[in-house]
Amino acid sequence: MTLRELYKIGIESLKCKSDLILLMENVFGIDKLHLITSGNEPVKNVDIFFEYLERVKNGEPIQYVIGETEFLGIKLKVGKGVFIPRQETELLVKIVSDILGDDFSGNIVDLCSGSGAISIYLKRRFESSNVWAIEKSEKAFKFLVENAEANNVELNCVLGDIFEELQKFENETFDLIISNPPYVKTKDIEFLDKNVKFEPKMALDGGDDGLDFYRKIIKFWKEKLKPEALIAFELGINQHSEVFDIMSESEFENIRIFDDFSGIRRIIIGSKS
Ligand SMILES: C[S@@+](CC[C@H](N)C(=O)[O-])C[C@H]1O[C@@H](n2cnc3c(N)ncnc32)[C@H](O)[C@@H]1O
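A. Region of interest: the pairing of strand S9 (residues 265–272). Counting buried positions along S9 gives six out of eight residues, so the element sits mostly inside the fold. As defined by bridge partners, strand S7 (residues 225–234) adjoins S9 across five bridges and the pair is classed as antiparallel. Bridged to Ala-232 within S9 is Ile-269. Summarising the sheet, strand S8 (residues 252–259) and S9 pair through six bridges and their orientation is antiparallel. Residue pairing for S9: Phe-258 is matched across the bridge by Ile-267.

Laid out in C-alpha cells, this is it:
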C-alpha cells in the first residue's frame, strides 16, 4: 500500500490530522514533507501502522503508542506508567526560568518529577545548577533516569515519596522548589477523558479536594527553602485562590499567579520570607 492510501484510511478512523501525521512519521520514518511529496510510494511496516492506529482509536494517548513526546524541544521517552508532560508545564518552567534569569545557578528540587520534563529542562537551561528530581513510582522513575541519560544531563534522581525522603535532605537547602503535583480531586478521576485514564492514577490523584500535595509540600518542604527562595507550582482549574491562601498563611511573599493560553489561572509562584 502507498502512503496516500494509508493516510486516507487513517484519517477516516482518527479524524485528528496531526496525530495521524505523527503516527505515520514514526512508523515509516518519514517527515511531513515526504508524506506530501512522495505519497505514491509503497511502504513497509503496514501491519504496525494498523496496530498503532487501532490503539489510538481505542483512546490510548498517541505519545504512549509511539513511545515518545516533546517538551520544549526536548525528546522524552514515555509509556504506560508515566505521566505525559503537558503544554501547561512548559509554561511553568518558562515563567520560572524567566524569573530566575540567565545567570542563575543554584540548588533546585523538582518534586513529583515523572518523566523528568521539568528537571531535565532546568538542568539544561541552568547547567551549573544542582538539580534534584524525586519520584515515587518505580515505572516513572525508570523513564526519568533513562530520559536524563538520553538527554545528557546529570540529575540527582531519588526514587521515593517526597514526604518520606525529607530526612535525606537534612543538609540541603534550595533556591527553587518546583512541582507539577497530582491535583485532580479523587472523585473526579472517573470522569476524566478516556485517554487521560490511561495515565497512572498516582499521577492524578490530589486527594478529596485536589489540594493535598500543595498543603503538604508547603508544610513539609518550606523549611528546606533558603530565605527569599522560590516555590513554584502548576495548578488545576480553580485552585489558585486556595493555594494562594495556603501560601500566604505560610508566610510566602510576592505571590504571583499566571494564566495559561486558555485563560486558566495555572501557575503560582511565591518567595519565602
Ligand atoms: C502530574 S504528574 C507530573 C509529572 C511531571 N512533573 C510532569 O510535569 O510531567 C505527578 C507525578 O507525581 C508522582 N507522585 C505522586 N505521589 C508522589 C509522592 N508522594 N512522592 C513522589 N512522587 C509522587 C506521580 O507518580 C507522577 O509522576
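B. Representation of the site of the ligand in the model. Neighbouring the ligand are 23 residues, the closest being Cys-112, Gly-114, Lys-136, Asn-180 and Ala-203. Mapped by element, the contributors of at least two residues to the shell around the ligand are helix H7 (117–125) and strand S4 (130–135). For the shell around the ligand, the per-class residue count stands at 14 nonpolar, six polar and three charged.

C. Local environment of helix H6 (residues 87–100). Between its first and last C-alpha, H6 extends 20 Å over 14 residues, near the 20 Å set by a 1.5 Å rise per residue. Buried residues of H6: Thr-89, Leu-92, Val-93, Val-96 and Leu-100, and no others. Across the axial projection of H6, the buried residues extend over an arc of 85 degrees, all falling on one side. Structural note: H6 exposes Gln-87 and Asp-98 on the side pointing more than 90 degrees away from its buried face.

D. Representation of the sheet that holds strand S5 (residues 156–159) in the model. Read from one edge of the open sheet, seven strands run S5-S4-S3-S6-S7-S9-S8, paired in mixed fashion. Of all the strands in the sheet, just S5 and S8 have a single pairing partner and so form its edges. Within this sheet the neighbouring strands show an average axis-to-axis angle of 15 degrees, counted without direction. Note that strand S3 (residues 107–111) and strand S6 (residues 174–179) share four bridges and pair parallel. From the neighbouring strand, Ile-108 faces S6, where its bridge partner is Leu-176.

E. How the structure looks around helix H10 (residues 240–249). Of the residues making up H10, those classed as buried are His-240, Val-243 and Met-247. Looking down the long axis of H10, one finds its buried residues gathered within 70 degrees of arc, a one-sided arrangement. Exposed residues pointing more than 90 degrees away from the buried face of H10 are listed as Ser-241, Asp-245, Ser-248 and Glu-249. Next to the buried residues of H10 lie helix H9 (212–221), S7, S8 and S9. Positive phi appears at Glu-251, one or two residues downstream of H10, with a value of about 65 degrees.

About the cut-offs
- Within each chain, residue numbers correspond to sequence positions counted from 1 in written order.
- It should be noted that, the model being predicted, local features are given only for residues of pLDDT at least 70 and side-chain atom pairs only at 80 or more, the latter also being counted only at that level, while totals for whole chains, interfaces and linings use all residues.
- Buried, partly exposed and exposed are defined by the number of other C-beta atoms within 10 Å of a residue's own C-beta, namely 20 or more, between the two limits, and 12 or fewer respectively, with C-beta atoms placed from the backbone.
- Strands are runs of DSSP state E lasting at least 2 residues, helices are runs of H or I lasting at least 4, and numbering of each runs from the N terminus.
- Any two strands are treated as partners once DSSP identifies two or more bridges connecting them.
- Any residue whose C-beta atom, as set from the backbone, lies within 6 Å of a molecule or strand is reported as near that molecule or strand.
- We call Asp, Glu, Lys and Arg charged. Ala, Val, Leu, Ile, Met, Phe, Trp, Tyr, Cys and Pro are nonpolar, and the rest, Gly among them, are polar.
- One fewer than the residue count of a helix, multiplied by 1.5 Å, yields its expected span.
- Taken from the helix axis, the directions to the C-beta atoms give the arc we talk about.
- To get an axis, a line is fitted to the C-alpha atoms, and for a helix only the part in contact is used. The angle between two axes follows their N-to-C directions and goes from 0 to 180 degrees.
- Any residue pair is listed as a contact if its two C-beta atoms, each placed from the backbone, are within 7 Å.

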